[in-house]
Amino acid sequence: MTDLIVEGGVRLSGQLTASGAKNSALPALVAAALADGGPVHLEHVPTDADVATMIQLLRSLGVRVEIGPEPGGVTVYGGELRSTEAPYTLVRRMRASFYVAGLLLARAKEATVPLPGGCALGSRPVDYHLRGFEAMGAAIQIEGGSMRALAPSGLAGASIQLSRPSVGTTIQLMMTASLARGTTTLENAALEPEVVDVASLLNLMGARIRGAGTPIVRIEGVEGLHGCRYAIIPDRIEIATWLVAGAITGGEVAVHGALAEHLHMPLAKLKEAGYLICQTPDMVALSTPPGLARPHAVDLETAPYPGFPTDLQQPFAALLTIADGTSMVRETIFDRFRYVDELRRMGADVRVERDTAIIRGVPRLTGARVEATDLRGGAALLLAALAAEGETRIENAEMIDRGYEALEAKVAALGGRIRREPGTRVPDGGVAEDWRAVFERPLPARHS
Ligand code: EPU
């Protein structure tokens, strides 16, 4: 484990380039492995910890994945799969690992994938994915904590209605349906830009997907998919996080290579909080107007796209801790408030009632020793630390590395003071590696 040490109170000012979207890149790597006719070269893949896990997972199944030659370039060679069993050690690290279930079922007609289980965001079932596979003709069994799916005569197109617009299920079923016999219709599909991105990649690989980005997606199965080159969209969550870094420190930040059209709600909320937003077709910038000492309080509620993204609930809550007034932040997608206790340690006044955080703005935060409990909660602590007086030590910093590429370099580019040190803390619920030493009896004293 490593710690991030942040010297807060510096007004951030500068320019950055957006990284590729993690939540597109993860399924795009899996989608690329569906092709058995030539390599798929992906550009703008972020070098973050979750992408590293996905590459390891694909390699463990026998997929050749090469990095480069350009920064952010990754080439995936679908070829023959060596295994139809995803290793538990990799799957447990990251819920998005479950995407390989569709890959294995579509390509090898069988898949054994450990169930992702709960995580720091509460219970996160995969029941919609399983129902989708079943509707397409797979037989599913849950054994020893794993899903075992078999479709000996291949998958067949089906009409599938999702109970909620799930990003993961929409992408998973678009991938599997692309190689199924006949046509699949997904109703109540997720509208997120990452869904559209993966559909665009699959179509370039020869798939026939129509309607991605609308509630009804139609996928006509094809015999096989082929290679192509494809650039991942910019990461809207990363971009907004850096804009909030500018806001929370009273500074100004411009992010190049950004698509502001994916950020309608977050930008509207930043304007409501009093900040100035300037956008061009591939840049978005935030500045703090001279008279704005603290942000205005703002209420927000997370919702599926184009609503306010759950992945920005925590970063925005960090900003609202120093607002002039009380903000209500309602979370409707996940149970995502574990970071609140850590923010309190920095002086924030936040109370959680059921699904809502009630944030009474305070004039200033103070540096403290805190722990990143999950990716976006960690990002919220980083933002709070940048604004706080004094030094903050964020333990378990790897959580933030899961979704933010070149973290320290980007903070430093904005003039922030940050460094990384080896961590010493054992995570809550973890066991010290040297616990056996406690039971070791000292050698009996020798009588002379
Ligand atoms: N759901 C079910 N059953 C399922 C699938 C989803 O009940 O089988 C529920 C979830 O529990 C949740 C809702 O449906 O309440 C929506 O979940 P969704 O499936 O959309 O989420 P996901 O695909 O698991 C992705 C992102 C998350 C992001 C959510 C929502 C990836 C790898 N992950 O998760 O990103 O919060 O969509 O936008 O794309 C993050 O990057 O920090 C992150 C957690």
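Remember, it's a predicted structure, so these values are computed and weren't measured experimentally.

Peer 1: Help me out: how do you make sense of the environment of G8 in this one?
Peer 2: Mapped onto the fold, G8 is located in the loop between β1 (2-7) and β2 (13-17). In this structure, the C-alpha to C-alpha distance between G8 and A385, residues 377 residues apart in sequence, is 5.6 Å. Setting aside its immediate chain neighbours within four residues, G8 contacts A385, L386, A388, G390 and R417.

Peer 1: Looking at this model, I keep getting lost on the pairing of strand β22 (residues 391-395). Mind explaining?
Peer 2: On any regular strand, side chains alternate: one points to one face of the sheet, the next to the other face. Counted residue by residue, β22 has four buried out of five residues, so it is predominantly covered. One ladder, built from four bridges, connects β1 with β22; its direction is antiparallel. By the bridge assignment for β22, L4 is matched with I394. Chirality of the crossover, the property in question, places the unit of strand β21 (residues 369-371), helix α12 (residues 375-387) and β22 among those that are right-handed.

Peer 1: Even after reading the chapter, I still don't get the environment of G73, so can you show me in this structure?
Peer 2: With respect to the helices and strands, G73 occurs in the loop between β4 (64-67) and β5 (74-77). Leave out the neighbours within four places in its chain, and G73 touches H41, L42, E66, I67 and G68.

Peer 1: Would you take a moment to explain the pattern of salt bridges for this structure?
Peer 2: Pairing of side chains with opposite charge becomes possible as their charged atoms draw close. Tallied over the full model, the rule gives 24 salt bridges. Between R64 and E66 there is a salt bridge, with its nearest N and O atoms 3.0 Å apart. Under the relative-accessibility criterion, E66 is labelled partly exposed at 35%. The closest approach of N and O atoms between E342 and R345, which form a salt bridge, is 4.0 Å. Linking E342 with R345, this pair stays in helix α11 (residues 340-345), spanning three residues, or about one helical turn. Taking relative accessible area as the criterion, E342 reaches 14% and is therefore assigned buried. What makes R345 partly exposed here is its relative accessible area of 47%. One salt-bridge network, held together by shared partners, links D3, R393, R419 and E421.

Peer 1: So what exactly am I meant to see when it comes to the packing of aromatic side chains here?
Peer 2: The geometry of two aromatic rings is summed up by the distance between their centres and the angle between their planes. Tallying each qualifying case throughout the model produces two aromatic pairs. Centre to centre, the rings of W242 and Y404 are 6.3 Å apart; their planes meet at 75°, and the pair counts as edge-to-face. Note that W242 is positioned in helix α8 (residues 236-248) and Y404 in the loop between α13 (398-401) and α14 (407-413), a separation of 162 residues in sequence. Taken individually, W242 and Y404 each receive the classification buried, so the pair is uniform in this respect.

Peer 1: For this particular structure, what's the right way to read the side chain of D50?
Peer 2: Examined against the element boundaries, D50 turns out to sit in helix α2 (residues 49-60). Classification of D50 by relative accessible area gives buried; the value is 4%. One polar contact links D50 to R402, side chain to side chain, over a distance of 2.8 Å. In this structure, D50 is in contact with K22, L26, M94 and R402, ignoring residues within four places of it in sequence.

Peer 1: Where do I start with α8 in this structure?
Peer 2: One turn of the α-helix equals 3.6 residues, which is why residues spaced by three or four share an orientation. Its 13 residues give α8 an end-to-end C-alpha distance of 18 Å, which sits within 8% of 18 Å, the value for a rise of 1.5 Å per residue. Here α8 starts with a cap whose side-chain oxygen sits 3.0 Å from the backbone nitrogen of I237, and that cap is D235. In the segment just after α8, G250 is the residue with positive phi, at about 70°.

Peer 1: Looking at this structure, how should I read the site of the ligand?
Peer 2: The immediate surroundings of the ligand are formed by 23 residues, with D127, S166, V167, D311 and I333 found nearest. Separating an oxygen atom of the ligand from a side-chain N or O atom of D311 is a distance of 2.5 Å. In isolation the ligand offers 830 Å² of accessible surface; the protein chains occlude 90% of this area. Counting residues per element, the ones that place at least two in the shell around the ligand are α1 (22-32), α5 (127-135), α6 (167-178) and α12.

Peer 1: What is the right way to read the sheet that holds strand β7 (residues 139-143) from this model?
Peer 2: Backbone hydrogen bonds are what pair the strands of a sheet, in a parallel or an antiparallel way. Across the sheet, three strands lie side by side as β6-β8-β7; this open sheet has antiparallel pairing. Unpaired on one side and paired on the other, β6 (110-114) and β7 mark the two borders of the sheet. On average, each strand axis in the sheet is tilted by 15° relative to the strand beside it, whichever way the strands run. By the bridge criterion, five bridges tie β6 to strand β8 (residues 146-150) in an arrangement that is antiparallel. Bridge pairing in β8 links T112 to R148. Across the face of the sheet, helix α4 (residues 99-108) comes into contact with β6 and β8 while running at roughly 165° to β6. α5 contacts β7 and β8 of the sheet and is inclined by roughly 145° relative to β7.

Cut-offs used in this document
Residues numbered from 1 in each chain as written. Predicted model: local features only at pLDDT ≥ 70, side-chain atom pairs only at ≥ 80, totals over all residues. Heavy atoms only, no water. Helix = DSSP H or I, 4+ residues; strand = E, 2+ residues; numbered from the N terminus. Contact = heavy atoms within 4.5 Å. Buried < 20%, exposed > 50% of the residue type's maximum accessible area, 1.4 Å probe, protein only. Pairing = 2+ DSSP bridges. Right-handed = clockwise from strand over helix to strand, strands pointing away. Salt bridge = Lys/Arg side-chain N within 4 Å of Asp/Glu carboxyl O. Phe/Tyr/Trp six-rings, centres within 6.5 Å; stacked < 30°, edge-to-face > 60°. Polar contact = N/O pair within 3.5 Å; in protein donor to acceptor, adjacent residues only side chain to side chain. Expected span 1.5 Å × (residues − 1). Near = heavy atom within 4 Å. Areas by Shrake-Rupley, 256 points an atom, 1.4 Å probe, with all protein chains shown as cover. Axes fitted to C-alpha atoms, helices over the stretch in contact; angles between N-to-C directions.

Just geometry here; none of it tells us what the structure is for.
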